[in-house]
Amino acid sequence: MLLHVTHETRYAYSPPVETAQHLAHLKPRATPSQRLVSHALTVSPEPAQRSESPDVYGNARAFFALDSTHEELVVTAESVVETSTPLLSPAAARELPWEEVRERFRYAKETRFDAAAEFVFPSHYVPRHDDFAAYARPSFAPGRPLFDAAMDLALRMHTDFVYDSGSTEISTPAIEALAQRHGVCQDFAHIMIACLRTLGLPARYVSGYLLTQPPPGQPRLLGADASHAWVSVYIPGADGPGDWADFDPTNGRQPGEDYVALAIGRDYSDVSPMRGVLHGGARHTLDVSVTVRPLEELRAAAAQAAQQVQSQSQTQTQTQSPFQNPDKEPS
């Protein structure tokens, strides 16, 4: 698929901000199943400085600084991404029992290092806790392949949890969201990662977007989508490096060509779309709008709009003046 993504972030400050520095993770990743066709990041007011560099996980990280007083900040990321269904590398041992994976990541002297070990440890939004292990345990029967157990955990969460945008904030602890069985995709991703890490298994957080479909007969609402989040679980090879398999507990499925991966990290704190340090602006309001749609749909809408403009122009030309006559000049 060719997907067009628009992500607009709008801050209104009171009192005005005098100076500011920001980091943004808004540029989609390049992966075996995803190719970035184009990307543009627009910032208003115009920054005094701006740059882009990769972070420690290979995500594209944009930096910009503003040195003039401003009451509003608008950051718009526009991307076109070619996607395909992610495929697990043949190097990954899909049938590997989860206990064997756990044992590989237990610390022992002179064991072979695997970079995925970083994603076994707790992080800011993902603590270890016995409650996570208790919830995960029904999916992790003895000898069950890690891939199958992770899929079962995602499906159980999809059944057991209620998506409720008003029930949590980003600061809500994952253990609290687990207890109430309510939350949003960030909560569900953090909970699933916490379940896996508490069992000693490497898992990471993925931020991105999901193409949603409008109700039958209804047009797509621009700006009505939102950022999405899901989970990557490391499946080692039989005797060496493996691959990461993605699972979406919010929707009870594996991501397909209708997903766009933006950034990966230990949890949300590593990949938040926008963060900054401000001088001034003690209070602010935030408005975020996201639109994901097939590129062909965008092109069709643009062609229809151009046709309407042309039609209106022709109508105006035909009705400009009652005195106009093709056979006689007005006197």
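Residues numbered from 1 in each chain as written. Predicted model: local features only at pLDDT ≥ 70, side-chain atom pairs only at ≥ 80, totals over all residues. Heavy atoms only, no water.

## Focus on the overall build of the chain
What counts, and what does not: By definition, any uninterrupted DSSP run of H or I lasting at least four residues is a helix, any uninterrupted run of E lasting at least two residues is a strand, and each is numbered from the N terminus. Exposure classes here rest on a 1.4 Å probe applied to the protein chains alone. A residue is buried below 20% of its type maximum, exposed above 50%, and partly exposed in between. Values of accessible area rely on a 1.4 Å probe in the Shrake-Rupley scheme; residue burial ignores everything except the protein chains shown.
When helices and strands are tallied, the chain shows seven helices and 13 strands. Taking all 331 residues of the chain together, 44% fall into the buried category. Carbon and sulfur atoms form 51% of the exposed surface of the chain, whose accessible area is close to 17,500 Å².

## Description of the environment of Leu87
As for its placement among the helices and strands, Leu87 is situated in the loop between β5 (70-83) and α1 (98-104). Here Leu87 falls in the exposed class, since its relative accessible area comes to 76%. Separated by 55 residues in sequence, Leu87 and Pro32 place their C-alpha atoms 8.5 Å apart.

## Section: the side chain of His70
Test applied: The contact definition used throughout considers only heavy atoms, calling two residues in contact when any of these lie within 4.5 Å.
Residue placement: His70 occurs in strand β5. For His70, a relative accessible area of 5% gives the class buried. Other than its neighbours up to four places away in sequence, His70 contacts Tyr13, Pro16, Val17, Ala20 and Pro45.

## With respect to the pattern of salt bridges
Which entries qualify depends on this criterion: Throughout this description, the term salt bridge denotes a Lys or Arg side-chain nitrogen within 4 Å of a carboxyl oxygen of Asp or Glu.
Counting across every chain of the model gives 10 salt bridges. Close ionic contact of Glu8 with Arg10 constitutes a salt bridge, the shortest N to O distance being 3.3 Å. Owing to a relative accessible area of 22%, Glu8 belongs among the partly exposed residues under this scheme. On the accessibility criterion, Arg10 (29% relative accessible area) is partly exposed. Glu103 is paired through a salt bridge with Arg102; the nearest N and O atoms lie 3.3 Å apart. Overlapping salt bridges bring together Glu8, Arg10 and Glu72 as one network.

## Structural notes on helix α5 (residues 185-198)
Rule in force here: Under the convention used throughout, the expected extent of a helix is 1.5 Å for every residue step, that is, one less than its residue count.
In a regular helix each residue adds 1.5 Å, so 14 residues correspond to 20 Å; α5 covers 20 Å between its end C-alpha atoms and thus fits that length. Across the 14 residues of α5, 14 count as buried, placing the element largely inside the fold. Gly200 sits one or two positions beyond α5 and adopts a positive phi of about 85 degrees.

## A closer look at the packing of helix α3 (residues 146-160) against α5
For the record, the criterion: Helix axes are fitted to C-alpha atoms over the stretch in contact, other axes to C-alpha atoms as well, and angles between N-to-C directions run from 0 to 180 degrees. When describing relative orientation, an angle under 35 degrees is termed roughly parallel and one over 145 degrees roughly antiparallel, while 65 to 115 degrees is termed roughly perpendicular and anything else oblique. Note on convention: the crossing is left-handed when the near helix lies turned anticlockwise from the far helix by less than a right angle, right-handed when the turn is clockwise. Classification convention: Asp, Glu, Lys, Arg as charged; Ala, Val, Leu, Ile, Met, Phe, Trp, Tyr, Cys, Pro as nonpolar; all other residues, Gly among them, as polar.
At their nearest, the axes of α3 and α5 sit 11 Å apart, and the two run at 140 degrees to each other. Regarding the angle of α3 to α5, the classification is oblique. The two elements α3 and α5 cross, and the hand of that crossing is right-handed. On α5, the residues that touch Ala150, Leu153, Ala154 and Met157 of α3 are Phe188, Ile191, Met192, Cys195 and Leu196. Class assignment for the residues of the contact of α3 with α5 results in nine nonpolar, no polar and no charged.

## Considerations on the confidence of the model for the chain
Applied cut-off: You can read pLDDT as the predictor saying how much it trusts each residue, on a scale of 0 to 100.
In the predicted model, the chain carries a mean pLDDT of 90, and the fraction of residues at 70 or more is 89%. Within the model, pLDDT remains below 50 along residues 321-331, and this stretch shows two contacts once partners closer than five positions in the same chain are excluded.

## Here's the deal with the side chain of His190
Inclusion rule: Here a polar contact means two N or O atoms within 3.5 Å. Within protein one must be a hydrogen donor candidate and the other an acceptor candidate, and residues neighboring in sequence count only if both atoms are side-chain atoms.
Examined against the element boundaries, His190 turns out to sit in helix α5. Take His190: its relative accessible area is 4%, and that puts it in the buried class. Engagement of the side chain of His190 in a polar contact is seen with the backbone nitrogen of Tyr268, the distance being 3.2 Å. Setting aside chain neighbours within four positions, we find His190 in contact with Tyr125, Val126, Ile170, Ala174, Tyr205, Asp267 and Tyr268.

## Here's the deal with the packing of aromatic side chains
Put simply, the rule reads: Side-chain rings of Phe, Tyr and Trp, where Trp is taken by its six-membered ring, are said to pair if the distance between their centres is within 6.5 Å; with planes under 30 degrees apart they count as stacked, over 60 as edge-to-face, and otherwise as tilted. Over a ring means this: the NZ of a Lys or the CZ of an Arg is within 6 Å of the ring centre and within 35 degrees of the ring normal.
Counted according to the given criterion, the structure contains 13 aromatic pairs. Among the aromatic side chains, those forming a connected cluster through ring pairs are Tyr57, Phe105, Phe119, Tyr234 and Trp244. Lying over the aromatic face of Phe147, Arg94 brings its terminal NZ or CZ to 3.7 Å of the ring centre. Positioned above the aromatic ring of Trp244 is the side chain of Arg204, whose terminal nitrogen or guanidinium carbon lies 4.1 Å from the ring centre.

## Digging into the nonpolar core
What tends to happen in soluble globular proteins is that the nonpolar side chains get buried as a cluster. What counts, and what does not: Nonpolar cores were defined as sets of buried Ala, Val, Leu, Ile, Met, Phe, Trp, Tyr and Cys residues, with membership established by side-chain atoms within 4.5 Å.
One finds Phe140, Ile191, Met192, Leu196 and Phe247 to be the most contacted residues of the largest nonpolar core, which totals 57 residues. Excluding its chain neighbours within four sequence positions, the residues that come into contact with Phe140 are Trp98, Leu146, Ala149, Ala150, Leu153, Leu196, Leu199 and Leu201. In this structure, Ala24, Phe64, Val260 and Leu262 belong to the second largest nonpolar core, which totals 24 residues.

## Let's talk about the sheet that holds strand β10 (residues 240-247)
Applicable threshold: Criterion used throughout: strands pair if DSSP finds at least two bridges between them.
Spatially, four strands are ordered β10-β9-β8-β11 in an open sheet, and the strand pairing comes out antiparallel. Where the open sheet ends on each side, the last strands, each with one partner, are β10 and β11 (259-265). Neighbour-to-neighbour, the strand axes of the sheet open up by a mean angle of 35 degrees, direction not taken into account. Summarising the sheet, strand β8 (residues 203-210) and strand β9 (residues 228-237) pair through six bridges and their orientation is antiparallel. The residue of β9 that forms the bridge with Val206 is Trp230. Its contacts with the sheet place α5 against β8, β9 and β10, and it is angled at close to 25 degrees to β9.

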